[in-house]
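Commentary on secondary and tertiary structure
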Amino acid sequence: AVADDPWYRSDAGAWEGTTPGRALTPDQLASSVEALTGYRWGVAGGIDAMVNDDYGYRVLDGGIDGILVTEAPTTETATVALVEERLAEAAGSYAVQTEMDLAPEERILLRETADLIAVPADADLRIQLVHLVRRVWSRSIEADSAEADTLVALWSEIHAGVGTVPQTWAFFLSALFRHPDFVHV
């Protein structure tokens, strides 16, 4: 597919004439998270925290307000990392809570896992992870790949630490939402 071509993906200058990827703007990040989870980070009064300069976190997430901040940062900052971590945690938790009430075919993210309470079998977990990588990171992996092995190990490590499957999925989704393949284009 054209989207898999290195020229299209702008592989960080590895190909002459290409440019490195860039971080999503706060507005783009908020929109992407909402499209996948339905979650919008609201503050008092229904204000969207990711797109508001006065009461939100847009400037802290690398946005500009045109008054005090007129240029976006060119490198990752501590505040960007903190804002994106908190957004990812809230969105992951929201997605699991929302999708638990839906039939698998109605879900966006966890559609390959029928039971969100029981620990999935390895083969089922791998199918779900392939779906998540495709949906969240917009790329493909094979269920038997080294990358899938790494994701299975991450899921298992999270599960060992938190104990419940819904919490595991929430933390796992949070990790996917903080990954460079999600927050950079």
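What this report covers is the structure whose coordinates are included nearby.

Each value, and the rule that gives it
- Residues numbered from 1 in each chain as written.
- Predicted model: local features only at pLDDT ≥ 70, side-chain atom pairs only at ≥ 80, totals over all residues.
- Heavy atoms only, no water.
- Helix = DSSP H or I, 4+ residues; strand = E, 2+ residues; numbered from the N terminus.
- Buried < 20%, exposed > 50% of the residue type's maximum accessible area, 1.4 Å probe, protein only.
- Areas by Shrake-Rupley, 256 points an atom, 1.4 Å probe, with all protein chains shown as cover.
- Phe/Tyr/Trp six-rings, centres within 6.5 Å; stacked < 30°, edge-to-face > 60°.
- Polar contact = N/O pair within 3.5 Å; in protein donor to acceptor, adjacent residues only side chain to side chain.
- Contact = heavy atoms within 4.5 Å.
- Expected span 1.5 Å × (residues − 1).
- Axes fitted to C-alpha atoms, helices over the stretch in contact; angles between N-to-C directions.
- Left-handed = near helix turned anticlockwise from the far one by under 90°.
- Nonpolar A, V, L, I, M, F, W, Y, C, P; charged D, E, K, R; others polar.

1. Some points on the overall build of the protein
From N to C terminus, the protein includes seven helices and two strands. Starting at the N terminus, the α and β elements of the protein follow one another as α-α-β-β-α-α-α-α-α. The 185 residues of the protein split such that 35% are buried. Counting only carbon and sulfur atoms, one obtains 54% of the accessible surface of the protein, whose full area is about 10,200 Å².

2. Some points on the packing of aromatic side chains
Taken as a whole and judged by the stated rule, the model has five aromatic pairs. For the ring pair W169 and F172, a centre distance of 6.1 Å and an interplane angle of 90 degrees mean the geometry is edge-to-face. Of this pair, W169 and F172 are both found in helix α6 (residues 165-178), three residues apart, which corresponds to roughly one turn of the helix. When its relative accessible area of 0% is taken as the criterion, W169 is described as buried. An aromatic cluster is defined as three or more aromatic residues linked by ring pairs; in this entry it consists of W155, W169 and F172.

3. A short note on the side chain of S174
Residue position: S174 is located in helix α6. A distance of 2.7 Å separates the side chain of S174 from the side chain of R178, its partner in a polar contact. The contact partners of S174, leaving out residues within four places of it in the chain, are A88, E89 and G92.

4. A short note on the environment of T79
With respect to the helices, strands and loops of the structure, T79 is situated in helix α3 (residues 78-100). On the accessibility criterion, T79 (35% relative accessible area) is partly exposed. Taking the C-alpha atoms as reference points, T79 and V59, separated by 20 residues in sequence, lie 9.2 Å from one another.

5. Points about α3
Every α-helix winds through 3.6 residues per turn, so residues three or four apart in the chain are directed the same way. Here α3 spans 33 Å end to end across 23 residues, near enough to the 33 Å set by a 1.5 Å rise per residue. Inspection of α3 places V80, V83, E84, L87, A88, A90, A91, G92, A95, V96 and E99 among the buried residues, and these make up the whole buried set. Buried positions along α3 lie against α2 (26-37), α6 and α7 (180-183).

6. Some points on the packing of helix α4 (residues 122-136) against α6
Orientation of α4 relative to α6, taken along the N-to-C sense of each, is 35 degrees, at an axis distance of 11 Å. Both α4 and α6 take part in a crossing whose hand is right-handed. Across the interface between the two elements, L125, Q128, L129, L132 and V136 of α4 pack against W169, F172, L173, L176 and F177 of α6. When grouped by side-chain class, the residues that make up the contact of α4 with α6 number nine nonpolar, one polar and no charged.

7. Description of unusual backbone geometry
Negative phi values dominate among residues other than glycine, just as trans dominates among peptide bonds. Positive phi is not limited to glycine here, since S138 has a value of about 60 degrees. Within the element layout of this structure, S138 appears in the loop between α4 and α5 (146-162). S138 gets classed as partly exposed once you look at its relative accessible area, which sits at 48%.

Keep in mind these numbers describe shape, not what the thing actually does.
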